[in-house]
Amino acid sequence: QIQGSSYSEKLFARIGRGTVIQDYMKRKVFGPSGKLISEQPVAGRGHCIVLRDEFDRALARRAVLAGAEVVVNTRVTGLIREGERGAGVVTSSRELPQVRAKIVIAADGLHALQKGIPQWDGLTRPGQEFESGVNLEIIGVRDLEPGVLNMYTGRFFERGYAVLYAQDKDSCFLSLASWKNFEELKKLEHPLGRRLKDAQPIQVLGWVRPYPYGRRLTKIYKDGLLLIGDAAGYCSAVAAVATGQFAAEVAVEAIREGDVSEARLKKYDDLCQSL
């Protein structure tokens, strides 16, 4: 799920909207009884759901065409330091065991908060917790309105709520805490249960995010090191791209000036405040 903005519109104009499954401009909220209690436009320019694999490949294609070198099937296993400065990474590759760099831009994802560069360099929150669940793509849901977010609240849901993203008149994505919760809902004499009665899942995806949600790390830069995207605590594909762009701009300037100190890299954090 991606929140719309002028930045995301420019991004999709560059990589193409072939990765977008559906745009969402309206939200309906239902109370515990299943009764509609609120209907309003989605804040900003709405939300959209994308094919994440194709979205990532589209970015990789543009990166390669711009001169980047992509190394596949290789995992970063350590951070190289020179004193307090990040100076490269250790990898799992026999052919490329180390990559030296004047600045390391860490994009090692959400789990890096527990076992990646942010954790190795002491930038994570103590006792970082996560919450997880499933996203089900399901067919045969009744009374769907394409492009509408439906949020159901109440004790029937393990997280206290569930979100249904109508894809077209026959299919949707349903975000829940667990598969078990989905099976329980189908048996309920409840408006959502009746909508799901004949539904059949065709794809099961997992999701995980830091808890509490929406709080980036307090510090996302050090000498020779910048954290971007999930590794910095952001939970949005567009935020990942935006922070990556900010980091690249600041890194290029800092390297040209011969100053990759924490004080110089603070400009990156200043740019991220606009997100």
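From a predicted model like this one, the values you see are computed outputs, not experimental measurements.

Quick notes on the rules
- Residues numbered from 1 in each chain as written.
- Predicted model: local features only at pLDDT ≥ 70, side-chain atom pairs only at ≥ 80, totals over all residues.
- Heavy atoms only, no water.
- Helix = DSSP H or I, 4+ residues; strand = E, 2+ residues; numbered from the N terminus.
- Buried < 20%, exposed > 50% of the residue type's maximum accessible area, 1.4 Å probe, protein only.
- Areas by Shrake-Rupley, 256 points an atom, 1.4 Å probe, with all protein chains shown as cover.
- Pairing = 2+ DSSP bridges.
- Disulfide = S-S within 2.5 Å.
- Core = buried A, V, L, I, M, F, W, Y, C linked by side-chain atoms within 4.5 Å.
- Contact = heavy atoms within 4.5 Å.
- Salt bridge = Lys/Arg side-chain N within 4 Å of Asp/Glu carboxyl O.

Observations concerning the overall build of the chain
Point 1. Scanning the chain from N- to C-terminus turns up eight helices and 16 strands.
Point 2. The dimensions of the chain, computed from C-alpha atoms along their principal axes, are 65 × 40 × 35 Å.
Point 3. Taking all 275 residues of the chain together, 43% fall into the buried category.
Point 4. Carbon and sulfur atoms form 51% of the exposed surface of the chain, whose accessible area is close to 14,700 Å².

Remarks on the pairing of strand E6 (residues 76–82)
Point 1. Two elements, E6 and strand E7 (residues 85–91), share six bridges in a ladder whose sense is antiparallel. In the strand pairing of E7, Leu79 is matched with Val89.
Point 2. Once E6 ends, the chain turns through two residues before running back antiparallel as E7, passing Gly83 with a positive phi of about 70 degrees.

Brief notes about unusual backbone geometry
Point 1. One non-glycine residue, Asn73, adopts positive backbone phi at about 55 degrees.
Point 2. Topologically, Asn73 is positioned in the loop between helix H2 (52–65) and E6.
Point 3. Exposure remark for Asn73: the relative accessible area of 79% places this residue in the exposed category.
Point 4. Backbone geometry at Asp143 places phi at a positive 60 degrees, although glycine is not the residue there.
Point 5. As for its placement among the helices and strands, Asp143 is situated in the loop between strand E10 (129–139) and strand E11 (148–153).

Points about the state of the cysteines
Point 1. Applying the stated criterion across every chain yields a total of zero disulfides.
Point 2. With no disulfide partner, Cys172 has as its closest neighbouring cysteine sulfur the one in Cys48, 17 Å distant.
Point 3. According to the relative accessible area criterion, Cys172 is buried, its value standing at 0%.
Point 4. The thiol of Cys272 is unpaired, and the distance to the nearest cysteine sulfur, on Cys235, comes to 14 Å.

Here's the deal with the nonpolar core
Point 1. Ranked by internal contacts, the top residues of the largest apolar core, which has 29 residues, are Ile117, Ile220, Leu227 and Tyr268.
Point 2. Among the elements that take part in this core, helix H7 (residues 237–257) stands out by supplying seven residues, more than any other.
Point 3. The residues touching Ile117, leaving out its near neighbours within four places in the chain, are Val76, Leu79, Val89, Val104, Ala106, Asp108, Ala112, Leu225 and Leu227.
Point 4. Within the second largest apolar cluster, 19 residues are counted, among which are Val141, Tyr152, Ala166 and Leu174.

Comments concerning the sheet that holds strand E15 (residues 221–222)
Point 1. Ordered in space as E9-E16-E15, the three strands form an open sheet in which the pairing is mixed. Two strands close off the open sheet at either side, each with one partner strand: strand E9 (104–106) and E15.

Considerations on the pattern of salt bridges
When their charged atoms lie close together, side chains carrying opposite charge are able to pair.
Point 1. This model, assessed by the stated rule, comprises 20 salt bridges.
Point 2. Glu82 is the salt-bridge partner of Arg85, the closest N and O atoms lying 2.7 Å from each other.
Point 3. Between Asp198 and Arg142 there is a salt bridge whose closest N-O contact spans 2.7 Å. Residue Asp198 is found in the loop between helix H6 (191–196) and strand E14 (200–211), and its partner Arg142 is found in the loop between E10 and E11; the two are separated by 56 residues along the sequence.
Point 4. Residue classification places Asp198 among the partly exposed positions, given a relative accessible area of 43%.
Point 5. Among the charged side chains, a network of salt bridges with common partners joins Glu253, Glu257, Arg264 and Lys267.

Remember that the coordinates give geometry; whether it matters functionally is a separate question.
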